[in-house]
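Working through the structure, step by step
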Amino acid sequence: MPRLIGILGGTFDPIHYGHLRPALEVWQGLGLDEIRLIPLRDPPHRGRPRVDAEQRLHMVRLAVADQAGFVVDDRELRREGLSYTLDTLRSLRAEMRDEVHFCILLGSDALLGFPDWHEPDEVLRLAHMIVMHRPGERVSGVPSLQTLLRQHQTRDPSRLRNKAAGAILFHPVTQLEISATAIRAMLASGESPRFLLPDPVLTYMQQQGLYN
Ligand code: ATP
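Summarised in this report is the structure supplied together with it. (Residues numbered from 1 in each chain as written. Predicted model: local features only at pLDDT ≥ 70, side-chain atom pairs only at ≥ 80, totals over all residues. Heavy atoms only, no water.)

Quick word on the site of the ligand
Around the ligand, the surrounding shell holds 21 residues, and the nearest of these are His-16, Asp-109, Leu-176, Ala-180 and Thr-181. Contact distances for the ligand include 2.5 Å between an oxygen atom and a side-chain N or O atom of Asp-109. Thr-181 is positioned with one of its side-chain polar atoms (N or O) 2.5 Å from an oxygen atom of the ligand. Calculation on the ligand without its partners gives an accessible area of 610 Å², and the protein chains cover 91% of this total. In terms of residue class, the shell around the ligand is made up of eight nonpolar, nine polar and four charged. (Near = heavy atom within 4 Å. Polar contact = N/O pair within 3.5 Å; in protein donor to acceptor, adjacent residues only side chain to side chain. Areas by Shrake-Rupley, 256 points an atom, 1.4 Å probe, with all protein chains shown as cover. Nonpolar A, V, L, I, M, F, W, Y, C, P; charged D, E, K, R; others polar.)

Concerning the sheet that holds strand S5 (residues 127-132)
In space, the seven strands of this open sheet follow the order S3-S2-S1-S4-S5-S7-S6, with parallel pairing throughout. With one partner strand each, in any of the chains shown, strand S3 (70-72) and strand S6 (153-154) form the two edges of the open sheet. Here strand S1 (residues 3-10) pairs with strand S2 (residues 34-39) via six bridges, running parallel. Across the sheet, residue Ile-7 finds its bridge partner in S2, namely Arg-36. On top of the sheet, helix H1 (residues 17-29) reaches S1, S2, S3, strand S4 (100-107), S5 and strand S7 (168-171); it is set at about 125° to S5, its chief contact. (Pairing = 2+ DSSP bridges. Helix = DSSP H or I, 4+ residues; strand = E, 2+ residues; numbered from the N terminus. Contact = heavy atoms within 4.5 Å. Axes fitted to C-alpha atoms, helices over the stretch in contact; angles between N-to-C directions.)

Remarks on the packing of aromatic side chains
The geometry of an aromatic ring pair comes down to the distance between the two centres and the angle between the two planes. Across all of its chains, the model carries two aromatic pairs by this definition. Measuring from centroid to centroid gives 5.9 Å for Trp-27 and Phe-70, while their planes differ by 85°, and the two rings are edge-to-face. Taken together, the positions of Trp-27 in helix H1 and Phe-70 in strand S3 put the pair 43 residues apart, joining distant regions of the chain. The exposure class of Trp-27 is buried, given its relative accessible area of 19%. For the ring pair Phe-114 and Trp-117, a centre distance of 4.9 Å and an interplane angle of 75° mean the geometry is edge-to-face. Like Phe-114, the residue Trp-117 is buried in the burial classification. (Phe/Tyr/Trp six-rings, centres within 6.5 Å; stacked < 30°, edge-to-face > 60°. Buried < 20%, exposed > 50% of the residue type's maximum accessible area, 1.4 Å probe, protein only.)

Some details on helix H2 (residues 53-64)
Helix length check: H2 (12 residues) gives 17 Å between terminal C-alpha atoms against 16 Å at 1.5 Å per residue, within 8%. Listing the buried residues of H2 in full gives Gln-55, Arg-56, Leu-57, Met-59, Val-60, Ala-63 and Val-64. Looking at the buried residues of H2, the elements they touch are H1, S2, S3, helix H3 (75-78) and helix H10 (199-208). The N-cap residue of H2 is Asp-52: its side-chain oxygen and the backbone nitrogen of Glu-54 are 3.0 Å apart. (Expected span 1.5 Å × (residues − 1).)

Encoded structure:
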């Protein structure tokens, strides 16, 4: 049977429970073998992260240190230039010996931008996508996305193992209206973001004086 590896890429500036809890629910609910968190160095579709790559990586490591099945992968931080998911998928594929199906985990806000990614059809030739609904997001109304969904959307989770790639599955997750933007704003205005993210991450941010 192929192994299923979920890939959650993000700037994680900082990582918070809005990343962690939905990822855990996907891992448990769909029986994935692994969740791989991949901090992005220089995302093509947004401004540069506020905190340097090593610190964001360290916060991700702190957040999942005791969570079985969660792996932190720093390959995008070691690569020069823009981070393209396609390159990441190819480099992961090249190093896996056993049969593996990749599933990209994506919040519904990130799905809206998917048609503008570098070679989205090729991404779907190499991986499945699992969409985690995010509060306030509606996926209707983007014509290029509707076309992709007509071709690829499935309601059948067994497709993730039965097919090597190309399925888009929506998976319901606990709705947590948490964003890194809001956490940064709280810290900048002197408010505590405690209980929106793991305590070890908050302690590290305070020690390093991040986002003040
Ligand atoms: P920022 O506020 O800086 O834009 P963010 O909180 O959206 O950051 P990212 O690192 O950009 O975090 O997100 C990485 C991935 O996690 C994206 O696919 C995003 O859609 C998803 N995600 C982030 N927050 C949530 C949430 N609260 N619920 C579900 N998915 C989320």
